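Observations on the three-dimensional arrangement
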Amino acid sequence: MYEHDVLIIGGGLAGLRAAVEVTRAGADVAVISKVHPVRSHSNAAQGGINAPLTDRGDDWEGHAYDTIKGSDFLADQDAVEVMSSEAGEAVLELERMGVIFSRGEDGKLGTRAFGGQKVARTFFVGAITGSAILHVLFEQSLKLGLNVYEEWFVTKLIIKGGVCRGVVAIDLKTGEMHTIKAKAVIMAAGGAGRVFEPSTNALICTGDGLSLAYQVGVPLMDMEMIQYHPTTLARTGILMSEAARGEGAYLLNAAGERFMEKTAPDYMELASRDVVSRAEQTEIDEGRGIDGNVLLDLRHLGRDFIEQRLGYLQEVSVEFLGIDMAEQPVPVQPGMHYIMGGIKTDVDGATNVPGLYAAGECANVSVHGANRLGANSLLDTVVFGRRSGAHAVEYIKSVGAHSPAQEDLASEKSRLQALLDRPKGERVATIRDDMARGMTKGIGVFRDQASMEGALENLANVKSRMGGFSIENKGKVFNTDLMFGLELEFMVDCAEAVVAGALTREESRGAHFRTDITERDDENWLKHTLMYKDEESETGVRVETSDVSITQWEPVKRVY
Amino acid sequence: MQVKLKVKRFDPADSGGKTWWQEYEVDVHPDSTVLDSLIEVREQADGTLAMRCACRASICGSCGMKVNGSAKLVCKTRVLDVAPNGEQLTIEPMGNQHVVRDLVISLDTFFNQINRVEPFLQPSFVPEKGEYTASNESMENLLTSMNCIMCGCCVSDCTVLEVDSNFIGPAALAKAWRFTEDPRDSKRDERLKALNDENGGMWDCTRCMKCVDVCPKGVAPMDRIMELREAAIEVGNTNTHGYHHTESFYKSVKKNGRLDETRLAIDSAGMFNIPRMLDLIPIGLAAMQKGKLPPLMPHKAEDHKKVKELYERVEGESK
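Residues numbered from 1 in each chain as written. Chains lettered and ligands numbered in written order. Predicted model: local features only at pLDDT ≥ 70, side-chain atom pairs only at ≥ 80, totals over all residues.

Residues and elements named next belong to chain A. Two elements in contact, helix α3 (residues 77–97) and helix α11 (residues 377–396), have axes separated by 9 Å at closest approach and are oriented at 95 degrees. The angle between α3 and α11 places the two elements in the roughly perpendicular class. Contacts between α3 and α11 involve Met83, Glu86, Ala87, Ala90 and Leu94 on the former and, on the latter, Leu379, Asp380, Val382, Val383 and Arg386. (Axes fitted to C-alpha atoms, helices over the stretch in contact; angles between N-to-C directions. Helix = DSSP H or I, 4+ residues; strand = E, 2+ residues; numbered from the N terminus. Parallel < 35°, antiparallel > 145°, perpendicular 65-115°, else oblique. Contact = placed C-beta atoms within 7 Å.)

Let us look at the interface of chain B and chain A. Note: interface size is frequently given as the accessible area lost on complex formation between the parts. Listed per partner, the contact involves 44 residues of chain B and 47 residues of chain A. For the side of chain B that touches chain A, the elements supplying multiple residues, two or more each, are α1 (34–45), β6 (99–101) and α4 (136–146) of chain B. In terms of residue count, α4(B) provides more of the side of chain B that touches chain A than any other element does, five residues in total. Residues that form the side of chain B that touches chain A fall into these classes: 25 nonpolar, twelve polar and seven charged. (Nonpolar A, V, L, I, M, F, W, Y, C, P; charged D, E, K, R; others polar.)

All names here are of chain B. Examined bridge by bridge, strand β1 (residues 2–11) and strand β2 (residues 18–27) share ten bridges and lie antiparallel to one another. Across the sheet, phenylalanine 10 pairs through a bridge with threonine 19, a residue of β2. Hairpin connection of β1 to β2: six residues between the antiparallel strands, including serine 15 at a positive phi of 35 degrees. (Pairing = 2+ DSSP bridges.)

Residues and elements named next belong to chain A. Spatial strand order, β17-β15-β10-β18-β19: five strands in an open sheet with mixed pairing. Across the chains shown, the open sheet's two edge strands, defined by having one partner strand only, are β17 (363–364) and β19 (541–547). Bridging between strand β10 (residues 220–221) and strand β15 (residues 342–344) involves two bridges; their strand directions are antiparallel. If you follow methionine 221 over to β15, its bridge partner there is glycine 342.

Before going further, it helps to spend a moment on the domain arrangement of chain A. Residue and element names in this part refer to chain A. Taken domain by domain, chain A comprises domain 1 (233–337) and domain 2 (407–547). Counting from both sides, the interface comprises six residues of domain 1 and, opposite them, six residues of domain 2. When residues of the side of domain 1 that touches domain 2 are traced back to their parent elements, those giving at least two are α8 (273–285) and β14 (330–339). The leading source of residues in the side of domain 1 that touches domain 2 is α8, at four residues. Classifying every residue of the side of domain 1 that touches domain 2 gives two nonpolar, two polar and two charged. (Domains from an automatic or database assignment.)

Take the domain arrangement of chain B next. When its domains are assigned, chain B resolves into domain 1 (2–105), domain 2 (108–234) and domain 3 (241–318). The distance between the C-alpha centroids of domain 1 of chain B and domain 3 of chain B comes to 44 Å.

On to the sheet that holds strand β3 (residues 49–50) of chain A, then. All names here are of chain A. Ordered by their spatial adjacency, three strands build an open sheet running β3-β5-β4, and the pairing between neighbours is antiparallel. The open sheet is flanked by β3 and β4 (111–112), the only strands paired with a single partner. The pairing of β4 with strand β5 (residues 122–123) spans two bridges and is antiparallel. Residue threonine 111 lies in a different strand from β5, and its bridge partner there is phenylalanine 123.

So, about helix α11 (residues 241–256) of chain B. Taking 1.5 Å of rise per residue, 16 residues should cover 22 Å, and α11(B) covers 22 Å from first to last C-alpha, within 8% of that figure. Following α11(B) by one or two positions, Gly257(B) adopts a phi angle in the positive range, close to 75 degrees. (Expected span 1.5 Å × (residues − 1).)

This is the structure:
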């Protein structure tokens, strides 16, 4: 029997930052993750972390406005105000923990430019910012002696009397299932990129956290807001950081023209990601691309600069494409990268289920709205990771003893056994690929009623096959085969919410760009979509809407 | 493109553990990596194959394994680079670490080593506001080690760990270097002293270069270990076998133009270290039996003067 005051699902930046906060408050905390913390997908964040440092002439309102404009006015402005005003301290604290940020001549932290912002306020470590911060938070976890259930896979949240009381999980190394009781659970399990194919996301980003919360009645908000990153490598979908453009790289079409001039004459390559991705897709669709790509050109930056400031990009380009960026431009295309939508929380990470919190990519506070600015995701994880940890500590003070219930363990055991006992059927990977390709096709950079209905139809087909897949590996130790089956169930939940949100929103806003309704409609759609699991409904989901919080910035036309 | 793989399997559940080789052949895109091929196996041919992988972009460190006998991050190993003519690839779990199942090794060895170096910043003060002030050069210098993604390839192929599981290992030492060189850290001397520990510390590296060879991220752990040694000597941690060994090596080659192995053994142990001296006796006897005992009195190399000149030139240049 395991029990903790606070259990955090996920060992990436949001989870570890929350764990540090709970430990500091003196509560008993543990992290549970299906991978070792340093394998988390926070690693993959390359370019940097935004923070307006007010003592250096920046102002947090400036960052807040850029974020809100970037979100196409769908972000909740009260939440953005919290993030922007706490950003400076959050980043400086990371430095004091040991992060090796790049510095200026004066020995103080230096910045680079990033998309959607005129002020250079992105703090960075080469092109490995996420990895560098993750490893330092992991160092802190060792210092604090944090309990980590590493390579444990959560299959279910335990809800008693409408309150979250812990989880049921498999220890992958032994195959045994256990109950872990907790007075509060913080979901920090990352995004759902693998719902799409291709995606920049790690193979572990299967929307587990979103689905687990969705299944217990928490709404997933604005799930139609899928970020397509403008610079990903063809076929593999591997990410080439926005830092390249932040440092001055050009985007060129087949004729060698900097085509961003047409859509964003002021910001050029550093317009918001949705804007750049659409411009690229337009070039490609209208025959000005090169084999489905455009070119990312860094040659004018010079070899030394590239290797010093963008070393990891050069490594990826050489290793995966055999292209030396100092000599040749790199072919890139828009690729699925991030999900702005997620578990609806307030600014303290709290959901509508008492005892259940969420932070990081799986959560939607909402600070990214319809389009996230580059380098705001790392900021989101540390600011709201900390806040959810702090609030969970307050919450558990009012919670009495642990719940005694064990029946969830028994029912989960029999559910998984039934999965293992299925007769030989379809492969999990086949169904997953069909789902993910259908999602990219229907809910792409551009979408319309027909494409979205196509995605819905495809998903219905996928759902009809979910009872028919089988697990080949019947063993106990490190049975990832079983885990992939469970992950597919999580992904289908996420896909369902994405499609429902997309079909509901009858306007174009940020990443949700409909070629059949090209205008933003503030009168009717300055609203969040909220997807609830609903077995009664034909599509399995019930959609509601809620108002966007507007504090000081009235929506205006978005021009870059 | 057809890829032929021979994979070392291990099932702990099979009557106390069974190991066997299994061959696969899969059809993948010509640009594919070894990881792509293994994923194809796992997803389309054999769902029982266990391995770790996540990011596919050489940043998460999950997919270290041995390809043709040498540790590699398989996500950044292109098939065409290791099997240009369609040769069969041999895939095994990493070495020097306990195998959990198939290609999955236990992470305990690696992280226990990391834990031994107190791998977190220990500053003497924390600024109340703002950040620490430090030069960009001193920070960028640390990136060599911060590039480490903890994949374990260096630990897998370390030739010292193969015979001495007590060695702290290349990754942990590279991690330690990251703190001894960090201007914000206040425990440099204490760290160097602790790493000087003769029981598995920095002097146990034999400079075989394996870790430099297999590191997929350019951390070059052995180079970091050599820098640690220099730093340790610099701060005066010279009362160690390791330092005596180095010093004896340096002197005897300078003097004789060749290594005086007898002297080296005695100097390294310390003339008055009776237990260690007694330890050396059986080694000496065994060497004698095989006719490998070095001469008790050193003889000079013919060109020993030239060697001395080389010493002087190099030392002159480095000044």
